[in-house]
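Examining the three-dimensional arrangement
The lines below spell out each chain.
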Amino acid sequence: MTEQKATLGVGMIGYAFMGAVHSHAWRSAHRFFDLPLTPRMQVLCGRDATRVAEAADRFGWEESVTDWRDVITRDDVDLVDVCTPGDTHAEIAIAALEAGKHVLCEKPLANTVAEAERMAAAAAVAAERGVRAMVGFTYRRVPAIALARKLVADGRLGELHHVRAQYLQDWLADPETPLSWRLDKAKAGSGALGDIGAHVIDLTQHITGDRILEVSGMLETFVKERPVASASSGLSATAGAGRGPVTVDDAAVFMARFAGGAIGSFEATRFATGRKNAIRIEINGSKGSLAFDFEDMNVLHFHDATIPDAEGGFRRIVVTEPDHPWVAGWWPPGHGLGYEHGFTHQVVDLVRALGEGTAPAPTFADGLQVQRVLAAVETSSDSRTWQEIPA
Ligand code: SOE
């Protein structure tokens, strides 16, 4: 008879794409990894009673409700997972922390720096009571990214000179693709910059262990209005019948200076026709380089500049060995992992931190720092000036 472990009651708010993949993570983490607490998928929350009940049944939640306030007051909920559009992150996460619930909040942390500051402050107060908060930059938990971070930390790249990062999608390249909440500034806060630019800002700082000090950027909206989708698209009140305005950026390009001296070039776009979810990172240092592309996510390319050029060049590391981070929980070498595994690894690390009573990373303070970089890029684009990131 296996010992009966304590459970972690989970309530999740939101059930679209992020809700679906987070549900997969809550279902799978304790079945593939040894965890100190067993997650229990207690309640799923969404505004449409019929649709959220169907989603709860499909994704494996015990109950469904339509008001998030009912989730944070339940005694059988220990952790609230916020998978809603960015305009509700602050209200829900702060209320949940104040109710004594741990919080996992999707990225970006918030729609504004002010909201992110309030969330980070609430998380700091909650931590004093042992209540924890984490922001969901899941790409940190792709094994190849973890290996990249280790190579840099071990000094295998030497002094870093270049950080080159792109997040390329093309799901909006068709001008007739209808409006959605992601194209509405009131709901999303920004467009490609905050949605996918946030990922490469977090990832490059995570891999290098460094911080962005200042940025100079430009934002562009290629398609200024689009067809209005059905009422269920979650659009804010500004949208009318027929066609509506796009109020966020379609693409962001910016330069960055890192505290350690490296210089960075960043792109985030939803118009890179032919690129579906291409997170491309290359880092060049005095002793070597690394290169990663999420569309080939089980591979990391590493160039060791300390060996003779005649034998040099990038080598292709297949990051599926049992001693690569998290891989031992899954399949034999070479069988590969997918997008959803990063979310399961996120739950594994979160639940282990809760079991140990430590702060799971990335913290809300990390999320606030990313929010400050996002805001600096927007200000830089508006003013055509370099912008420093406040400490
Ligand atoms: C849409 O751009 C999106 O779903 C992002 O919001 C996610 O963070 C990313 O993982 C996939 O693309």
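All of these numbers come straight from a predicted model, not from anything done at the bench.

Conventions used here
- Residues numbered from 1 in each chain as written.
- Predicted model: local features only at pLDDT ≥ 70, side-chain atom pairs only at ≥ 80, totals over all residues.
- Heavy atoms only, no water.
- Pairing = 2+ DSSP bridges.
- Helix = DSSP H or I, 4+ residues; strand = E, 2+ residues; numbered from the N terminus.
- Axes fitted to C-alpha atoms, helices over the stretch in contact; angles between N-to-C directions.
- UniProt positions renumbered as here; feature names shortened; annotations may be inferred.
- pLDDT = per-residue confidence, 0-100.
- Contact = heavy atoms within 4.5 Å.
- Buried < 20%, exposed > 50% of the residue type's maximum accessible area, 1.4 Å probe, protein only.
- Salt bridge = Lys/Arg side-chain N within 4 Å of Asp/Glu carboxyl O.
- Polar contact = N/O pair within 3.5 Å; in protein donor to acceptor, adjacent residues only side chain to side chain.
- Near = heavy atom within 4 Å.
- Areas by Shrake-Rupley, 256 points an atom, 1.4 Å probe, with all protein chains shown as cover.
- Nonpolar A, V, L, I, M, F, W, Y, C, P; charged D, E, K, R; others polar.

1. Concerning the sheet that holds strand 1 (residues 7-13)
Pairing in this open sheet of six strands is parallel, and the strands run 3-2-1-4-5-6 from one edge to the other. The open sheet terminates on both sides in strands that have one partner only, identified here as strand 3 (63-65) and strand 6 (133-136). Neighbour-to-neighbour, the strand axes of this sheet turn through a mean angle of 25°, independent of strand direction. Bridging between strand 4 (residues 79-82) and strand 5 (residues 102-106) involves four bridges; their strand directions are parallel. Each residue of the ladder has a partner; that of V80, found in strand 5, is V103.

2. A word on the UniProt feature "domain: Gfo/Idh/MocA-like oxidoreductase N-terminal" (unreviewed entry) in the chain
The sites that UniProt annotates as "domain: Gfo/Idh/MocA-like oxidoreductase N-terminal" (unreviewed entry) are residues 9-137. Helix and strand shares over residues 9-137 are 44% and 22% respectively, and the end C-alpha atoms of the span are 22 Å apart.

3. Thoughts on the confidence of the model for the chain
On average, residues of the chain score 96 in pLDDT, and 96% of them are at 70 or above. Within the chain, the element-level pLDDT minimum falls on strand 10 (residues 243-245), averaging 96, and the maximum on strand 7 (residues 160-168), averaging 99. Low confidence marks residues 236-240, where pLDDT is under 50. Its contacts with residues over four positions away, or in another chain, come to five contacts.

4. Some details on unusual backbone geometry
With an omega dihedral of -20°, the bond running from K107 to P108 counts as a cis peptide bond. Each neighbour pair has its own omega, and for A361 with P362 the value is 0°, a cis peptide bond. Mapped onto the secondary structure, P362 falls in the loop between helix 9 (339-356) and helix 10 (364-383). Of note, W326 is a non-glycine position whose phi angle comes to about 70°, a positive value. Here W326 is to be found in the loop between strand 16 (314-318) and helix 9. W326 gets classed as buried once you look at its relative accessible area, which sits at 18%. A positive phi angle, close to 55°, is found at R384, a residue other than glycine. You can call R384 exposed: its relative accessible area is 80%.

5. A look at the pattern of salt bridges
For the coordinates displayed, the defined rule picks out 23 salt bridges. For R211, the salt bridge identified is with D366, shortest N-O distance 3.3 Å. Within this pair, whereas R211 is found in the loop between helix 8 (192-208) and strand 8 (212-220), its partner D366 is found in helix 10, the two being separated by 155 residues in sequence. Here R211 falls in the partly exposed class, since its relative accessible area comes to 35%. Connected through salt bridges with shared partners, the residues K107, R182, D195 and R270 form a single ionic network.

6. Some thoughts on the sheet that holds strand 13 (residues 278-285)
Working definition: the strands of a sheet are paired by backbone hydrogen bonds and lie parallel or antiparallel to each other. Taken in spatial order, the nine strands of this open sheet run 16-15-14-13-7-12-11-8-17, and their pairing is mixed. The strands lining the two open edges of the sheet, one partner per strand, are strand 16 and strand 17 (387-388). Taken together, the eight bridges between strand 8 and strand 11 (residues 251-258) define a ladder with antiparallel strand orientation. Bridge pairing in strand 11 places M218 opposite V253.

7. A few points about the side chain of T320
As for its placement among the helices and strands, T320 is situated in the loop between strand 16 and helix 9. A distance of 2.7 Å separates a polar atom in the side chain of T320 from the backbone nitrogen of G334.

8. Here's the deal with the site of the ligand
Around the ligand, a shell composed of F17, K107, Y139, Y167, Q169, R182, D195, I196, H199, N277 and Y339 is seen. Q169 places a polar side-chain atom, nitrogen or oxygen, 2.9 Å from an oxygen atom of the ligand. Contacts to the ligand include H199, whose side-chain N or O atom sits 2.7 Å from an oxygen atom. Here the ligand, which alone exposes 300 Å², has 93% of that area covered by the protein. The leading source of residues in the shell around the ligand is helix 8, at three residues. Considered class by class, the residues forming the shell around the ligand number five nonpolar, three polar and three charged.

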